[in-house]
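Summary of the model geometry
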Amino acid sequence: MPAQKVADEVRLASRIHARLLDAFIDLTERELAGLPPGFAEESLLEALEGLRTARKSYGTTAGVMVISNLSLPRASNAA
């Protein structure tokens, strides 16, 4: 049964990561809501895209549904 224990540990870790990412995504979205258009807004939009991608990955591994699906405009390249 060691293989099952590893799988359970991986699922547990994935659930923890997913939960933390959900909280950070929520925090980032709230911060973003108060920003005027500009570099900081674009930077946070790019960060959200990466966070959501990571969240989907952990959610798939853990069997956790994605709950943060707020549709935001794509960030343009500010450089």
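Scroll up a little and you will see the structure.
Attention here is on the structure that accompanies the text. Quantities reported herein were computed from a predicted structural model and do not represent experimental measurements.

**Let's talk about the environment of Thr60**
In this fold, Thr60 is placed in helix α2 (residues 39-62). With relative accessibility at 65%, the residue Thr60 sits in the exposed group.

**Focus on a nonpolar patch on the surface**
Together, Leu12, Ile16 and Leu20 line one region of the surface with nonpolar side chains, adding up to about 270 Å² of accessible area. For Ile16, the location among the structural elements is in helix α1 (residues 2-33).

**A word on the environment of Arg15**
Structurally, Arg15 is set in helix α1. Since its relative accessible area comes to 39%, Arg15 is described here as partly exposed. Separated by 47 residues in the primary sequence, Arg15 and Ala62 place their C-alpha atoms 5.4 Å from one another.

Calculation notes
Residues numbered from 1 in each chain as written. Predicted model: local features only at pLDDT ≥ 70, side-chain atom pairs only at ≥ 80, totals over all residues. Heavy atoms only, no water. Helix = DSSP H or I, 4+ residues; strand = E, 2+ residues; numbered from the N terminus. Buried < 20%, exposed > 50% of the residue type's maximum accessible area, 1.4 Å probe, protein only. Patch = residues over 30% accessible without salt bridge, like charges linked within 9 Å, V, L, I, M, F, W, Y side chains within 5 Å. Areas by Shrake-Rupley, 256 points an atom, 1.4 Å probe, with all protein chains shown as cover. Salt bridge = Lys/Arg side-chain N within 4 Å of Asp/Glu carboxyl O.

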